[in-house]
Amino acid sequence: MVEPVQVQLKKGVLELCVLALLSRGDAYGYEIASRLAKGIEMGEGTVYPLMRRMQADGLVDTYLKESTAGPPRKYYKLTAPGRASFAAQKSEWSSFSAAVNAILDGGQ
């Protein structure tokens, strides 16, 4: 069973991870959810509400694209504010994780 603290840590970086994935190129919802499930073990039940919120916040936009394997897929892409948010969050994460690692390694 996953400890509650692990869940909170994962949820805390989930938006940053989605922004990072989309910074590499547009992706459809299931693709994003699958990559997150494999990388940080977050399920679709967490990812889709986040994607809706990110769209409402103007960080991502969506469009439909025909699929060879069924109905059209809803793709997500970063907007200009989404790219700016990714850059800011990535910088904050780098500073924060370096400080935490220094403490964990016996530094500060």
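Rules used in this analysis
- Residues numbered from 1 in each chain as written.
- Predicted model: local features only at pLDDT ≥ 70, side-chain atom pairs only at ≥ 80, totals over all residues.
- Heavy atoms only, no water.
- Pairing = 2+ DSSP bridges.
- Helix = DSSP H or I, 4+ residues; strand = E, 2+ residues; numbered from the N terminus.
- Core = buried A, V, L, I, M, F, W, Y, C linked by side-chain atoms within 4.5 Å.
- Buried < 20%, exposed > 50% of the residue type's maximum accessible area, 1.4 Å probe, protein only.
- Patch = residues over 30% accessible without salt bridge, like charges linked within 9 Å, V, L, I, M, F, W, Y side chains within 5 Å.
- Areas by Shrake-Rupley, 256 points an atom, 1.4 Å probe, with all protein chains shown as cover.
- Salt bridge = Lys/Arg side-chain N within 4 Å of Asp/Glu carboxyl O.
- Lys, Arg positive; Asp, Glu negative; His and termini not counted.
- Charge placed at Lys NZ, Arg CZ, Asp CG, Glu CD.
- Expected span 1.5 Å × (residues − 1).
- Arc of directions from axis to C-beta.
- Contact = heavy atoms within 4.5 Å.

K.L.:
Explain the sheet that holds strand E2 (residues 60–67) to me, using residue names and the numbers behind them.
P.N.:
What holds strands together in a sheet is hydrogen bonding between their backbones, with the strands either parallel or antiparallel. Ordered by their spatial adjacency, 3 strands build an open sheet running E1-E3-E2, and the pairing between neighbours is antiparallel. Since the sheet does not close on itself, it has two edges, and those belong to strand E1 (27–28) and E2, each with one partner. Examined bridge by bridge, E2 and strand E3 (residues 70–78) share 7 bridges and lie antiparallel to one another. When the sheet's bridge partners are listed, valine 60 is paired in E3 with leucine 78.

K.L.:
So what about the nonpolar core? Which residues, and what values?
P.N.:
Core analysis: the biggest nonpolar cluster contains 21 residues, and Val18, Leu22, Ile32, Leu36, Met51 and Met54 have the highest contact counts within it. Broken down by secondary-structure element, the contributors of at least two residues to this core are helix H1 (4–23), helix H2 (29–40), helix H3 (44–56) and E3. No other element matches the 7 residues that H1 contributes to this core.

K.L.:
Can you explain a positive patch on the surface? Please cite residues and give values.
P.N.:
A cluster of basic residues, Arg24, Arg35, Lys38 and Lys90, forms a positive patch on the protein surface. Following the sequence through the fold, lysine 38 ends up in helix H2.

K.L.:
Explain H3 to me, using residue names and the numbers behind them.
P.N.:
Because each turn of an α-helix spans 3.6 residues, side chains separated by three or four positions in sequence point in the same direction. Taking 1.5 Å as the rise per residue, H3 with 13 residues should run 18 Å; its terminal C-alpha atoms sit 18 Å apart, in good agreement. Here H3 has its buried residues at Val47, Leu50, Met51 and Met54. One side of H3 carries all its buried residues, which in axial view fall inside an arc of 105 degrees. Exposed residues pointing more than 90 degrees away from the buried face of H3 are listed as Gly45, Arg52 and Ala56. Contact partners of the buried residues in H3: H1, H2, E2 and E3. Within two residues after H3, glycine 58 carries a phi angle of roughly 80 degrees, on the positive side.

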